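Residue-level structure breakdown
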Amino acid sequence: MFDCSTEKWTFVFGSGTFISWAVTSFLCHQSTYLFLGTSPNFQDNGFLWAFIITLCQVTMCCLLTDLHVLHPRSTEAKKILWVKVSCHTLATMSTNYSMTMVHASSTFAIKLLEPVTSAIIQRLALGTSLPPSAYITLPIIIGGAIGFCGNSFNTPLTAAGIAVAFTSNLILAFRNVAIKLEQKDSSTSNIQLRPKRFVFSIVALCITLALGTNYLTSQNFLSAYVLFMVNTGLCSSVFHVIYSYISTNVVLLYMSVVSHSVANIFKRVLVVLMLYSAGQREATLANFIGLGLCTFGVTIYVLDKKGNAFSSIISLPSKFVGRRLLGLFFLCFIVRHFVDSSNIHDVYRYFKPGSISKCSELLGKSFEGNAFSKYIPEFSTNTPVVGQILQGNLILSPEETDTLSPSLTSSIAVIREAQRIHFNLFSHILSPYKYAILLDIAAFENKGDPAITTGEVYLLRRLGIKLLYYCNFFACTNKNLDYAKNLTSSYSHNDLVVLIHGGGNLVGYSQNDKLRQKIFQRFSNFKMVLFPQSIFLRKHSEKHLEFCKKLYTNQENFTMILRDRQSLGYAKTYFKGNPTLMMAPDMAFQIGAVPRFISPSFDILWLKRSDEETPGYKLPKLPSGITVHCSDWRGWKTPKGNTTMETAFLMANNGLIFLQRGRVVITDRLHGHILSTLLDIPHVLIDNSYRKLSSYHNTWTRGLANTVIADNASHALALAVELLQKYGDVLPPIAPYMNVEEKSTLHS
């Protein structure tokens, strides 16, 4: 008679064990990946750093465990023990070395092949027969694993990483052979934790983590960096011991060998997904289908590897087995969803506001640097020069942030490089602050400015900075600015930063400069940062230029960020001395890539300015057989939200809708170019009189393959037709309703 209370307790205990097993395995490998990714020049010295972390892990194993042979006089048992230890060490070294070349999730996905690899080696070494299912499941398993790691074979380096990961499987296979031989020998070995040392190591880990959190919010970057390396190395070593012990001494006591193998599959799949989520590795649906196939194949193989495995499982109470398997599936889903939705970086941010700023600098080589190169195909060669740039702190060379941009040819690469620059710069600039005031935001029908506002707010949220107050240009009255000033009295200048909206109105729009003067007068004791701006020098505006020289030159607590090289040159010429000058892409890139979500209505959507910045051209004769719609998005009205900020977000989204009406776009607005890049729509630029578009394009996006700049309107139309022909096979077709004729009058 099956005892339900025992069943319930066994399920609870097993679930807890499974979760501990998976989480400690994930923490071990993620800590190792962060340690390796943050190590100095790790691409040139990857083997050395992999050896160092492996040595730490092995040393920790020796310190925290007691490994002995139950019958010490058995020479055979000693040999087998040394083989096991040596194979475990070499396999760990191979796994760690693999993570210096590929993402940790790819390394761990290859480890799903271990059961089959072990079976083949045992067949060769011990003559153990393979089950019939192996000939069916083997291609599924290998194909699925390669499918998940498919985007890791782009270069010889990453292919080598996968090969090294597979080498770990081969080594573990020989370890498993030793275990098989050990099982035949009466002189077995035993592994036990040393309780006092284990407790001491956990206490030491907690202390170093606490010190690390302190240093991450300090100005001592060298100490923080060293302590971060110690933290990740110690975490990796301790969790390596814990998850290995759980696997060998706890899980096997709870499960049969077959059940252990099945649970091990679920554990590894879960760890792959957690590593993928924590590192935000780019993966497609095909990659996940590959992972699913691999998991399915290994599961079928393990269940059938003894021939009678199925009957053994069936002999158990079906209700118990069903609940156990359903429970494992449920745990995989819950933990995967939690890691994906929370994101490890967001956990760091909310753990202590402001600490992520320093942390992202210290993690530059993993979060923004070397790991980032895997997201940008143009950088996948991992050349020393590119690696050095990606690993560098941009705050040390804030006027040279565009170094990599000319070589980027795809929209996704441009977007990610812009976001990398934002995170790198602003993590440093805003690192001390927990709160912000954002002034002069935009909520009017020029869709570009609301898109900038949207990007600015996204960045603040991602950096864990709380927005206390905002006002749009028309609401930034003396009364509201005084209210904001009074609000700051409750906060220290060490905790609060005053941010000013970016855009293209510096010098060219006197009302915005005069608003900034009011801001400077009220908040001079706080750090003030101007989000990326373009300088617009109007003709016959010498008087206002002189006003701006005095205004921006005498601000000691002010950082000015320019949006292109031309504007940076103007700022260096006219605003000598203070303020601090930097260069960064437009903040709308924080919106990120946006897939098309509506069908186009026209072949060509022509976004033509109707305000004072218009280039003033006339439309050329339109070609027959191609539909062209020309208008300015200022007349494309947006429903108002409940707040100004909501309205700004709605306007930015409405701009994305406006542009999607064209299969290709012609634009003389800068944000027609930027939002078309986010949408990956082929487009043509027409510059204006003060080279606003060409300056930005030449600084950040000139490598884009689907973007060209025209000399005039006729040239723009010809180039747009060429883009239609070039990308016609991949562009979405015009919505079918557009070919239906509509009568403007009703007939009785």
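The structure under discussion appears in the preceding block.
Scoring rules and cut-offs
Residues numbered from 1 in each chain as written. Predicted model: local features only at pLDDT ≥ 70, side-chain atom pairs only at ≥ 80, totals over all residues. Heavy atoms only, no water. Phe/Tyr/Trp six-rings, centres within 6.5 Å; stacked < 30°, edge-to-face > 60°. Helix = DSSP H or I, 4+ residues; strand = E, 2+ residues; numbered from the N terminus. Buried < 20%, exposed > 50% of the residue type's maximum accessible area, 1.4 Å probe, protein only. Lys NZ or Arg CZ within 6 Å of the ring centre and 35° of its normal. Axes fitted to C-alpha atoms, helices over the stretch in contact; angles between N-to-C directions. Parallel < 35°, antiparallel > 145°, perpendicular 65-115°, else oblique. Left-handed = near helix turned anticlockwise from the far one by under 90°. Contact = heavy atoms within 4.5 Å. Core = buried A, V, L, I, M, F, W, Y, C linked by side-chain atoms within 4.5 Å. Salt bridge = Lys/Arg side-chain N within 4 Å of Asp/Glu carboxyl O. Expected span 1.5 Å × (residues − 1). Arc of directions from axis to C-beta. Patch = residues over 30% accessible without salt bridge, like charges linked within 9 Å, V, L, I, M, F, W, Y side chains within 5 Å. Areas by Shrake-Rupley, 256 points an atom, 1.4 Å probe, with all protein chains shown as cover. Pairing = 2+ DSSP bridges.

It is worth spelling out the packing of aromatic side chains at this point. Pairs of aromatic rings are described using the distance from one ring centre to the other and the angle between the two planes. Within the structure shown, the criterion is met by 17 aromatic pairs. Judged by centre distance (5.4 Å) and plane angle (85 degrees), the ring pair of Phe47 and Tyr97 falls under edge-to-face. With Phe47 in helix H2 (residues 46-64) and Tyr97 in helix H3 (residues 75-98), the pair connects residues that are 50 residues apart, well separated along the chain. Look at Tyr97 and you get partly exposed, because its relative accessible area is 26%. Through a chain of ring-to-ring contacts, the aromatic side chains of Phe520, Tyr552, Phe558 and Phe575 assemble into a single cluster. The ring of Tyr509 carries Arg538 above its face, with NZ or CZ at 4.9 Å from the centroid. One residue, Lys608, lies across the ring of Tyr617, its end atom 4.8 Å from the ring centre.

Here we take up the packing of helix H20 (residues 478-488) against helix H21 (residues 510-523). Direction vectors running N to C along H20 and H21 enclose 30 degrees, while the axes themselves pass 10 Å from each other. Looking at the two axes, H20 sits roughly parallel to H21. Viewed along their axes, H20 and H21 form a crossing whose handedness is right-handed. The residues of H21 that touch H20, namely those facing Asn478, Leu481, Asp482, Ala484, Lys485 and Thr488, are Leu515, Lys518, Ile519, Arg522 and Phe523.

By size, the foremost hydrophobic cluster in this structure holds 89 residues, and its most contacted members are Phe426, Leu430, Leu439 and Met560. Among the elements that make up this core, the one with the highest residue count is helix H18 (residues 411-429) (nine residues). With residues near it in sequence (within four places) discarded, Phe426 still touches Ser431, Leu459, Leu463, Val529, Phe531, Pro532, Ile561 and Met587. Counting residues in hydrophobic clusters, the runner-up holds 19 residues, among them Trp21, Cys235, Leu270 and Met274.

Once that is clear, we can look at the pattern of salt bridges. Opposite charge on two side chains permits them to pair, given that their charged atoms come into close proximity. Under the criterion given, the structure shown has 18 salt bridges. A salt bridge links Arg565 to Glu400, with the nearest nitrogen and oxygen atoms 3.4 Å apart. Of the two residues, Arg565 is situated in helix H23 (residues 565-574) and Glu400 in the loop between helix H17 (384-391) and H18; the sequence distance between them amounts to 165 residues. Notably, a salt bridge pairs Asp586 with Arg563, separated by 2.8 Å at the nearest N-O pair.

Along its 19 residues, H2 runs 27 Å from first to last C-alpha, staying within 8% of the 27 Å computed at 1.5 Å per residue. Taken residue by residue, H2 has Gly46, Trp49, Ala50, Ile53, Thr54, Gln57, Met60, Cys61 and Leu64 as its buried positions. The buried residues of H2 all sit within an arc of 135 degrees when viewed along its axis, so they share a single face. The exposed set on the far side of H2, more than 90 degrees from its buried face, consists of Phe47 and Cys62.

Moving on to the side chain of Lys608. With respect to the helices and strands, the residue Lys608 is situated in the loop between strand E10 (602-607) and strand E11 (628-631). Look past the residues within four positions of Lys608 in its chain and what remains in contact with it is Tyr617, Leu619, Cys630, Ser631, Asp632 and Asp668.

Attention now moves to the environment of Thr677. Positionally, Thr677 belongs in helix H25 (residues 670-679). As a C-alpha pair, Thr677 and Thr701 span 24 residues in sequence and 9.0 Å in three-dimensional space. Setting aside residues no more than four positions away along its own chain, Thr677 makes contact with Ser411, Val414, Ile415, Phe589, His683 and Leu704.

Moving on: a nonpolar patch on the surface. Together, Phe47, Phe51 and Leu55 make up an exposed nonpolar region whose accessible area comes to about 320 Å². The exposure class assigned to Phe51 is partly exposed, which follows from its relative accessible area of 43%.

The next point concerns the pairing of E10. Among the six residues of E10, six are classified as buried, and the element is accordingly described as predominantly covered. Looking at chain direction, E10 and strand E12 (residues 662-667) are connected through five bridges and run parallel. Across the sheet, the residue bridging to Leu607 is Thr667, located in E12. Judged from the four bridges that link them, E10 and E11 form a sheet pairing that is parallel. Across the sheet, Ile604 pairs through a bridge with Val628, a residue of E11.

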